[in-house]
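# Working through the structure, step by step
Residues per chain are reported as follows:
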Amino acid sequence: MATITPSTAEIVRRSGAVPGADYLLEVEGVRKAFPGVLALDDVSFRLKRGHVHALMGENGAGKSTLMKIIAGVYTPDAGSFRLKGQEIRLTSPLDALRYGIAMIHQELNLMNFMTVAENIWIRREPLNAFGFVRHDEMRRRTLALFEQLDIPLDPESEIRDLSVANRQMVEIAKAVSYDSDVLIMDEPTSALTEREVGHLFKIIRTLKSQGKGIIYITHKMNELFEIADEVSVFRDGKFVGEHAAADVTRDDIIREMVGREITQMFPKEIVPIGETVLSVRDLSLAGKFHGVSFDLRKGEILGLAGLVGSGRSNVAETLFGVTPATAGTILVDGRELAVRNPGTAMTAGMAFLTEDRKETGCFLLLDIMANMQIALLRGGYATAGFVREREIQTLCLQQKARLRIRTPDLEEPIINLSGGNQQKVLIARWLMLRPKILILDEPTRGIDVGAKAEIHKLITELAGQGVAVLMISSELPEVLGMSDRILVMHEGRMTGIVDRKDANQVAIMDLASQ
Amino acid sequence: MATDISSASPPASAETPVAGRRRLPPELSILGVMIGMMLLFEALGWIFVGQSFIANPLRLKIMILQESEIGIIAVGVTQTIIMAGIDLSSGSVVGMTAMIAASLAQAADAPHAVYPGLTGLNPIFPVAAGLLCGLAVGVVNGWLIAYTKIPPFIATLGMMVSARGVADWYTNGQPIGNLTDSFADIGAGWWPVIIFLGVAFIFHIALRYTRYGKFTYAIGANPLAARVSGINVERHIVLVYMFAGLLSGLCGVVHTARAISGQAGVGMGFELDAIAAAVIGGTSLSGGVGRMTGTVIGAVILGILTSGFTFLNVDAHYQEIIKGGVIIAAVVADQYRQRRRKSV
């Protein structure tokens, strides 16, 4: 056989019709240890051309570590790596890109003050003879790329003006622009609305038809059956099994993921509802939402549904005083409360788990204990300013046991925990205050099935103890499964409150998009 | 109350430690650098000068006295840096408070006193005036940063220029002499060192064991999360800059007492040495990380460098060049350490 020149190889590669190698990517016997943790133990993984291969597993199961190895971020301690049948070694993410492996990170890595086109072609800008960037050419290439992927964005808009969903599109376009054969998507839908997810899936199908292989990490079961061809399950750093998506059921996968049965997805218990603790009348925040009114009672879970951008999170932030209301009244236990800052809300017995764990939740540089105790310190547990460490440590250890936070000790920096465990630490922060009113904004976003079920169970228990819960979620099944009533919002307006018995996906979506 | 969701036992965690590990205080490495540096100068001393660097109490005393003044303001500057801020005004505030304290500390027989009616006062007055002026400047710094939301770098840069202006304007640049003996006693003997170590100890305790300290770290690590956790972030920022200003005032008073004269140019460049001491001591400029013990060691390292080079008769220009290199090396080492920790 004649030697294939690089350009020929390129043409063949682009045609997507390479004979031979069944598998785009084969990884065998990968092992990776971090100080104190064996993250991957003898893991194997294969990706077929033109297929979407889903990776499932609880947080900390090793999915993300494996993906980072495939994307060249980490170097494995052991294991072999074949791309289209050829043994390769990756030393950096750039190296991986050169081989045609691109990763779309969970945390989007775009430069906010630069345009869409600049972000996509960074480091590869088309230049003229003097070394200046040819913006017209860059725009042309971007538009061509967007047309291919059916992305309706202006290449000249700045990233900071785009919604999360649109940023995601830009990330995908950027990955595709490298002519990558292997695309890794790490929970691409965690911040998207249903309609946006539909668009993303359309793009994924286009990519499939072009012969690309897609590795798809997700926690959402329904997505798995909608988009994936194969699924590999991981648990505790080990490979558990590989299946064709058509051959398995949801229960099979859950069983493999957690190594035990989860009896009930939403452990909703109907508990006696007590008197009203929180009344909101015509609450408004200029430019965000207006005229929101509802009552929240003891033991009740009020779901707050709506599309991203409908003002759900703004309502929560206003209730808690992060962004004080511009009109309307808030009554706690029948008494009017002027909520000017989070401090006043906390004094009145409110607690607020924010939507974005990294931005407004965690103190990533600090240890678990510092993260857990911070809200508690405001209201006491200090003598003449000196923090009563012993007492607080006991409380923290109780929470650690109660929420089953997986960590060797409380001095561990929170950055080293998995997403689910970080979320548990933040929930513990608020539970230590023994709140009357608990506001939860996306309490289970981006965490695994096991931790999710634990958090659902916990919310149910808290309601049973008489805590009034306001829960925001983008996942309709979660809202439907957990809530006693559901308040639906659309573009800053309240479009209705639906009772549990009348609630279903159609009714909610109807109100959310009217 | 248990949150069991299964009848079976939970799966073994992937995060179970494989090997036990002990956390060593992060200052240990920097302490090692300090000791290594002393031994290096000791060895170089015997080779080039034929005498001991360490076994010379007088030299050590001068070295420690010199660094005590930097150290006092470094205690404040460290806290602003932990809170993801900075204080560039500290050196100028030293100059300004030095003049103000000196003007109220003149002896009764001083010719051409600044305030002829206010001579021979009890030293409590000049000390209080110096401290209060420093504190007031700190409050202004903090207020600007907390409520107008301008970056700390800009706010304190402006204050740095203005405070130096006040120091020069105060007596049209004339030094203030003829200070009372009782005021000069504050800067005599080991007092500057005792004051430095005293404030370092107080704020070490405050940072580690009090609510004030926990809030400072929290705001430095994530101001948004701190706000949602119910911390009055604005008020705390004012508080921290207030302490920083107060410590600059204290440094101005101590320096004036030690020099027994007030000079408008005093403290020039102190702010940079103080920042260097904090950074060498492991305080991260991006906030959330840092310890007072590290800053004390950092200040001592700066002192060893100056004193060691003088001891070896190294030209002053070379001293500065090497000092700059050491500061950069400290930050590079710190970045490296942090990156290694993050990848875990």
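Residues numbered from 1 in each chain as written. Chains lettered and ligands numbered in written order. Predicted model: local features only at pLDDT ≥ 70, side-chain atom pairs only at ≥ 80, totals over all residues. Heavy atoms only, no water.

To continue, consider the overall build of chain A. Along chain A, the regular secondary structure elements total 18 helices and 22 strands. The C-alpha radius of gyration computed for chain A amounts to 25 Å, which stays within 12% of the reference 24 Å derived for 514 residues, consistent with globular compactness. For chain A, the spread of C-alpha atoms along the principal axes amounts to about 85 × 50 × 50 Å. Burial analysis of chain A (514 residues in total) assigns 56% to the buried set. A separation of at least 24 residues holds for 66% of the contacts in chain A among residues at least 6 apart in sequence. Only carbon and sulfur atoms are counted for the fraction: they give 50% of the accessible area of chain A, which is about 21100 Å². (Helix = DSSP H or I, 4+ residues; strand = E, 2+ residues; numbered from the N terminus. Rg over C-alpha atoms; globule rule 2.2 N^0.38 Å. Buried < 20%, exposed > 50% of the residue type's maximum accessible area, 1.4 Å probe, protein only. Contact = heavy atoms within 4.5 Å. Areas by Shrake-Rupley, 256 points an atom, 1.4 Å probe, with all protein chains shown as cover.)

To continue, consider the domain arrangement of chain A. Residue and element names in this part refer to chain A. We note that the domain assignment places domain 1 (17-258), domain 2 (266-349 + 435-514) and domain 3 (363-433) within chain A. Using C-alpha coordinates to define each centre, domain 1 is positioned 34 Å away from domain 2. Contacts between the two partners involve 15 residues from domain 1, matched on the other side by 10 residues from domain 2. Together domain 1 and domain 2 conceal approximately 1100 Å² of surface at their shared face, both sides included; 60% is due to carbon and sulfur atoms. The tally of links between domain 1 and domain 2 comes to zero salt bridges. Linking domain 1 with domain 2 are zero residue pairs in polar contact (both at pLDDT 80 or more). Broken down by element, the residue count for the side of domain 1 that touches domain 2 peaks at three residues, all from helix α9 (residues 250-258). A breakdown of the residues in the side of domain 1 that touches domain 2 according to their chemical character gives five nonpolar, five polar and five charged. (Domains from an automatic or database assignment. Buried area = accessible area lost by both parts, 1.4 Å probe. Salt bridge = Lys/Arg side-chain N within 4 Å of Asp/Glu carboxyl O. Polar contact = N/O pair within 3.5 Å; in protein donor to acceptor, adjacent residues only side chain to side chain. Nonpolar A, V, L, I, M, F, W, Y, C, P; charged D, E, K, R; others polar.)

A separate point is the sheet that holds strand β3 (residues 52-56) of chain A. Residues and elements named next belong to chain A. Read across the open sheet, the six strands follow the order β6-β7-β8-β3-β9-β10; overall the sheet is mixed. Each edge of the open sheet carries a strand with a single partner, namely β6 (101-104) and β10 (238-244). Neighbour to neighbour, the strand axes of the sheet diverge by 20° on average, direction disregarded. This element, helix α2 (residues 63-70), spans β3, β6, β7 (182-186), β8 (213-217) and β9 (230-235) of the sheet and lies at about 150° to β8. Against the sheet, helix α6 (residues 164-177) contacts β6 and β7, and its axis sits at roughly 175° relative to β6. (Pairing = 2+ DSSP bridges. Axes fitted to C-alpha atoms, helices over the stretch in contact; angles between N-to-C directions.)

The next point concerns helix α11 (residues 270-280) of chain B. Note that an α-helix has 3.6 residues per turn; residues three or four places apart therefore point the same way. Residue and element names in this part refer to chain B. Counted residue by residue, α11 has nine buried out of 11 residues, so it is predominantly covered. What α11 keeps buried is the set Phe270, Glu271, Ala274, Ile275, Ala276, Ala277, Ala278, Val279 and Ile280. Looking one or two residues beyond α11, the residue adopting positive phi is glycine 282, at roughly 100°.

Quick look at the pairing of strand β4 (residues 78-83) of chain A now. All names here are of chain A. In this structure, strand β1 (residues 23-34) lies alongside β4, joined through five bridges in antiparallel fashion. Residue pairing across strands places valine 27 opposite phenylalanine 81, the latter belonging to β4. Judged from the two bridges that link them, β4 and strand β5 (residues 86-87) form a sheet pairing that is antiparallel. Bridge assignment links leucine 83 to a residue of β5, and that residue is glutamine 86. In this antiparallel pair of consecutive strands, β4 and β5, the connection spans two residues, and lysine 84 shows a positive phi of 50°.

Counting 142 residues, the largest nonpolar core has Leu278, Phe294, Leu319, Phe320, Met350, Met372 and Trp430 of chain A as the members making the most contacts within it. Of the residues forming this core, the biggest block, 10 residues, is contributed by helix α12 (residues 292-311) of chain B. Residues lining this core come from more than one domain, with at least three contributed by each of domain 2 (266-349 + 435-514) and domain 3 (363-433) of chain A. Excluding its chain neighbours within four sequence positions, the residues that come into contact with methionine 350 of chain A are Leu278, Leu319, Phe320, Ile330, Val332, Leu337, Val339, Ala345, Pro435, Ile437 and Ile439 of chain A. Counting 50 residues, the second-largest nonpolar core is a separate cluster that includes Ala117, Leu149, Ala173 and Val449 of chain A. (Core = buried A, V, L, I, M, F, W, Y, C linked by side-chain atoms within 4.5 Å.)

Taken over all residues, the pLDDT of chain B has a mean of 88, while the share at 70 or more is 91%. Throughout residues 1-21 of chain B the model reports pLDDT below 50, and contacts reaching past four residues in sequence, or to other chains, amount to 53 contacts. (pLDDT = per-residue confidence, 0-100.)

Here we come to the sheet that holds strand β15 (residues 335-336) of chain A. All names here are of chain A. Here four strands make up an open sheet; going across it, the order is β12-β11-β14-β15 and the pairing antiparallel. Of all strands in the sheet, those with a lone pairing partner are β12 (289-297) and β15, marking the two edges. With five bridges joining them, strand β11 (residues 276-285) and strand β14 (residues 327-332) adopt antiparallel strand pairing. Of the residues in β14, the one forming a bridge with leucine 278 is valine 332.

Residue and element names in this part refer to chain B. Their axes nearest at 7 Å, the elements α11 and α12 cross at an angle of 120°. Relative to α12, α11 is oriented oblique. For the pair α11 and α12, the crossing hand works out as right-handed. For the pair formed by α11 and α12, the contact residues are Asp273, Ala276, Ala277, Ala278 and Ile280 on the first element and Gly294, Thr295, Gly298, Ala299, Ile301 and Leu302 on the second. In terms of residue class, the contact of α11 with α12 is built from seven nonpolar, three polar and one charged. (Parallel < 35°, antiparallel > 145°, perpendicular 65-115°, else oblique. Left-handed = near helix turned anticlockwise from the far one by under 90°.)

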